[in-house]
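For reference, the chains in residue letters:
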Amino acid sequence: MVIKVMKFTKMQGCGNDYVYVNGFVEKLEMQAKPDIVRRLSDRHFGIGGDGVIFINPSRIADFEMEMWNADGTRAQMCGNGIRCVAKYVYDYGLTDKTSLTIESFGKIKYIDLTLENGKVSQVKVNMGAPILAAREVPVVSENERVIDEEIEVDGNTYRMTCVSMGNPHAVVFMDDIKNLEIEKVGPYFENHERFPERTNTEFVKVIDRNTVEMRVWERGTGETLACGTGCCAIVVACCLNGLTENKVTVKVLGGELLCEWDREENLVYMTGPAVSVFEGTISI
């Protein structure tokens, strides 16, 4: 049964695409959202996307980002998503600030906008401090931190470094990611018993001291063209393993992100594009 006609905007950051909904205008019951998110995210029968993000009022920041995975589960944070939220609120006139704050799952991120012809072209996000304590990532381990630690997945042994950027990441360094059967191995990592809240997994090839390539399997979604928090987790993992400098260009399937770990301040910064694709209405 049709409930209402809802406006939406499709946006993407390095190919990590979501359906964006103005929560100031569109009011949906929380219990209805999981099903609506699954239908909207379906690439064959819906709009199509890696999930749905609602842009809401916030009591502690300028705006709130309420993020949902394509499978209808909530997610704590999305680096590409928060850049698109920042573009949305400026381009659609919800704010005239070029430095603003956005809340996601109760945590505040600080944003700086770069404008071209009156529209947002690039967004720099202070992603905060990386979380390395195993119990807080969370990941099951006998060690306080999981750095270059073995994990057995589907009968094969990998080495991983685990970082939380508001959501859990397992970073795995490999010589060949192009031929990786990520659709096979990704779900095994995501649902491995060592990750009590499941995990995102980044498979990374180091090109040089300032450049890496990666493919990502995102929990609740599958392989995506980019993952902003994953790119931030990668620069931290690279530094912890002595593989790169603290400022790295991460080449993802959908483009490039620049990530920097300021180790003195213990803050991670991410800079990248945000693009509006189209807007429309849909019956839900």
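Located above this text is the structure these notes cover.
Thoughts on the overall build of the protein chain
Thinking step 1. Secondary structure assignment for the protein chain yields four helices and 17 strands.
Thinking step 2. Against the 2.2 N^0.38 benchmark of 19 Å for 284 residues, the protein chain shows a C-alpha radius of gyration of 18 Å, consistent with a compact globule.
Thinking step 3. Expressed along its principal axes, the backbone C-alpha trace of the protein chain runs to roughly 50 × 40 × 35 Å.
Thinking step 4. Going through the 284 residues of the protein chain one by one, you find that 55% of them count as buried.
Thinking step 5. Across the protein chain, contacts joining residues at least 24 apart in sequence account for 62% of those joining residues at least 6 apart.
Thinking step 6. Surface summary for the protein chain: the accessible area is close to 12600 Å², and the carbon and sulfur share equals 47%.
Thinking step 7. Distance between charge centres in the protein chain, computed from 31 positive and 42 negative side chains, equals 4 Å.

Notes on a nonpolar patch on the surface
Thinking step 1. A cluster of nonpolar residues, V275, V277 and F278, forms a patch on the protein surface that exposes about 230 Å² of accessible area.
Thinking step 2. Mapped onto the elements, F278 comes out in strand β17 (residues 275-283).
Thinking step 3. Under the relative-accessibility criterion, F278 is labelled partly exposed at 39%.

Observations concerning the side chain of R215
Thinking step 1. Following the sequence through the fold, R215 ends up in strand β12 (residues 211-218).
Thinking step 2. A distance of 3.3 Å separates a polar side-chain atom of R215 from the backbone oxygen of K178.
Thinking step 3. Separated by 3.1 Å, the side chain of R215 and the backbone oxygen of L180 make a polar contact.
Thinking step 4. Once residues within four sequence positions are removed from consideration, R215 is found in contact with I177, K178, L180, I182, T201, E202, F203, E223 and L253.

Digging into the nonpolar core
Thinking step 1. Core analysis: the largest hydrophobic core is formed by 55 residues, its most contacted members being I111 and M214.
Thinking step 2. Tallying contributions element by element places helix α4 (residues 228-240) first for this core, with nine residues.
Thinking step 3. Dropping the residues within four chain positions of it, I111 is found in contact with I82, A86, T98, S99, L100, I102, V123, K124 and V125.
Thinking step 4. Formed by 19 residues, the second largest nonpolar core is a distinct cluster that contains A170, V185, F195 and F203.

Digging into the pairing of strand β5 (residues 99-104)
For a regular strand, the rule is simple: side chains alternate between the two faces of the sheet.
Thinking step 1. For β5, a buried count of five out of six residues is recorded, marking the element as mostly surrounded by other parts of the structure.
Thinking step 2. Looking at chain direction, β5 and strand β6 (residues 107-116) are connected through six bridges and run antiparallel. Within β6, the position partnered with E103 by the bridge is I108.
Thinking step 3. Taken together, β5 and the strand that follows it, β6, pair antiparallel across an intervening segment of two residues, in which F105 is found at a positive phi of about 55°.

Things to note about empty space enclosed by the protein
Thinking step 1. Using the criterion set out here, one finds one cavity of 30 Å³ or more in the structure.
Thinking step 2. Contributing to the lining of the largest cavity are M67, N69, A75, M77, C78, N167, N200, E218, R219, C227 and T229.
Thinking step 3. Looking at the lining of the largest cavity residue by residue, the classes come out as five nonpolar, four polar and two charged.

Here we look at the state of the cysteines
Thinking step 1. Applying the stated rule across the entire model yields zero disulfides.
Thinking step 2. Lacking any disulfide linkage, C227 is separated from the closest cysteine sulfur, that of C78, by 6.6 Å.
Thinking step 3. The thiol sulfur of C239 is not disulfide-bonded, and the nearest other cysteine sulfur, from C238, lies at 6.9 Å.
Thinking step 4. Of the residues examined, C239 reaches a relative accessible area of 10% and is grouped as buried.

Focus: the pattern of salt bridges
Thinking step 1. Taken as a whole and assessed by the stated rule, the structure comprises 17 salt bridges.
Thinking step 2. Taking the shortest distance from any N to any O, the salt bridge between K4 and E26 comes out at 2.8 Å. One end of the pair, K4, is in the segment before β1 (5-13); the other, E26, is in the loop between β2 (16-22) and α1 (33-41), with 22 residues separating them in the sequence.
Thinking step 3. Here D17 makes a salt bridge to K10, at a shortest N to O gap of 3.2 Å.
Thinking step 4. With relative accessibility at 9%, the residue D17 sits in the buried group.
Thinking step 5. What emerges from the salt-bridge pattern is a single network uniting K10, D17, R43 and D50.

Definitions and cut-offs
- Residues numbered from 1 in each chain as written.
- Predicted model: local features only at pLDDT ≥ 70, side-chain atom pairs only at ≥ 80, totals over all residues.
- Heavy atoms only, no water.
- Helix = DSSP H or I, 4+ residues; strand = E, 2+ residues; numbered from the N terminus.
- Rg over C-alpha atoms; globule rule 2.2 N^0.38 Å.
- Buried < 20%, exposed > 50% of the residue type's maximum accessible area, 1.4 Å probe, protein only.
- Contact = heavy atoms within 4.5 Å.
- Areas by Shrake-Rupley, 256 points an atom, 1.4 Å probe, with all protein chains shown as cover.
- Lys, Arg positive; Asp, Glu negative; His and termini not counted.
- Charge placed at Lys NZ, Arg CZ, Asp CG, Glu CD.
- Patch = residues over 30% accessible without salt bridge, like charges linked within 9 Å, V, L, I, M, F, W, Y side chains within 5 Å.
- Salt bridge = Lys/Arg side-chain N within 4 Å of Asp/Glu carboxyl O.
- Polar contact = N/O pair within 3.5 Å; in protein donor to acceptor, adjacent residues only side chain to side chain.
- Core = buried A, V, L, I, M, F, W, Y, C linked by side-chain atoms within 4.5 Å.
- Pairing = 2+ DSSP bridges.
- 1 Å grid on protein atoms, 1.4 Å probe; cavity = no way out; pocket = protein on both sides within 12 Å on 5 of 7 lines; lining within 4 Å.
- Points joined across faces, edges and corners; volume = space filled by probe spheres on them.
- Nonpolar A, V, L, I, M, F, W, Y, C, P; charged D, E, K, R; others polar.
- Disulfide = S-S within 2.5 Å.

From the geometry alone we can't say anything about function, so treat these as descriptive.
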